[in-house]
Amino acid sequence: MFRHALLKFMVPAALLLGTQTAFAENRLALVIGQSAYRPVPALPNPANDARAVTQLLTDSGFEVSTASDLSQGQMREAVSDFAGKVAAKGADTVALVFYAGHGLQIDGENFLVPIDIDPKREADIPIQAVRLNDILNTLTSVPSKMRILMLDACRNNPFPELKSAGGGLAIVDAKVGAPGTFLSFSTSPGAVAEDGSGSNSPYTNALLAAGKEQNIPIEETFKRVRLAVNKVTDGRQTPWDSSSLTEDFRFSGTAVAGPKPAAAPKKTG
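For every chain, the first residue of its written sequence is number 1, and the numbers climb from 1 along that sequence. Reporting of local features is limited, given that this is a predicted model, to residues whose pLDDT is at least 70; pairs of side-chain atoms are given and counted only at 80 or more, and all residues count toward the totals for whole chains, interfaces and linings. Remark: hydrogens and water are excluded; side-chain values derive from all non-hydrogen atoms of the structure.

> Could you give me a rundown of the overall build of the protein, with the residues and numbers involved?
Numbered from the N terminus, helices here are DSSP runs of H or I no shorter than four residues, and strands are runs of E no shorter than two. Per the secondary structure count, the protein includes 7 helices and 11 strands. In this scheme, a residue with accessible area under 20% of its type's maximum is buried, one over 50% is exposed, and one in between is partly exposed, where area comes from a 1.4 Å probe on protein chains only. In the protein, buried positions account for 51% of the 269 residues. Contact between two residues is taken to exist if any of their heavy atoms lie within 4.5 Å; hydrogens are not considered. Sequence-distant contacts, at least 24 apart, represent 77% of the contacts inside the protein between residues at least 6 apart. For the protein, the exposed area adds up to about 12100 Å²; of that, 57% sits on carbon and sulfur atoms. Accessible areas in this description were obtained via Shrake-Rupley with a 1.4 Å probe; residue shielding takes into account the shown protein chains only.

> Describe the nonpolar core, and please don't skip the residues or the numbers.
Of all hydrophobic cores here, the largest spans 37 residues; its most connected members are Phe82, Tyr99 and Leu151. Where this core is concerned, the elements lending two or more residues are strand 1 (26-33), helix 3 (72-89), strand 3 (93-100), strand 4 (103-106), strand 5 (109-112), helix 5 (132-140), strand 7 (146-152) and strand 9 (181-185). It is helix 3 that contributes the most residues to this core, 5 residues altogether. Remark: nonpolar core denotes a set of buried residues (Ala, Val, Leu, Ile, Met, Phe, Trp, Tyr, Cys) joined through side-chain atoms within 4.5 Å. Within the second largest apolar cluster, 29 residues are counted, among which are Ala29, Ala50, Ala100 and Val229.

> Outline unusual backbone geometry, listing residues and values.
Notably, asparagine 215 is not glycine yet its phi reads approximately 55 degrees, a positive angle. Non-glycine residue aspartate 234 carries a positive phi angle of around 55 degrees. When you line up the elements, aspartate 234 lands in the loop between helix 7 (218-232) and strand 10 (240-243). Aspartate 234 gets classed as exposed once you look at its relative accessible area, which sits at 65%.

In structure tokens, the structure reads:
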């Protein structure tokens, strides 16, 4: 009888210990979808991509902040606010940023494009856009367990008059983001990604499928993304990634805190 009672005590205790482990890792995400560009034609899919990825990440235990169609000031504020949330959660936090929209490279430096950008010359891009390195530096400025940056941002240059704007994005090494960083690009360096003929881009479609696979390490997840996108685009597009991760990560099948309601970051005019 004593042994039976002891077992009855040990089972709830083990469950409690498991719960404590499950909530040890915080997961925070910022998702940005840029569709309603003003000076150039709108992109149909980034807003859809942002909604779909928000659901994927919520189901994977992330607390997600989602924002769409941001100006330069709003993008910077969203990233700054997100870094503040990561800092508040503590060093055992996985910080993830997903961006869908236009991206440009000027002289080998990458920029994410706000919806209100209206450059007249190449020199306007650094003034009006948001440097990718600024986002990486902001994320690495606060202690965190891991930083994951996913960019569906290599669509065609929307400003063909800017002759020196390179096609696609320049290569970025994960060491730029310090150890514990994973970078995923929707296509290879210097190449252009497709917006897609359906409701999501080929990259996001592949991510939605691979991210739901149970107990798959992140490296394998994005290998599957790479293979799927390459196949569906007949080789025109091959996603690229770079990693300095020192710990394991899985989107699904890992004990994590339950999903939390999505919240939109504060916007400024």
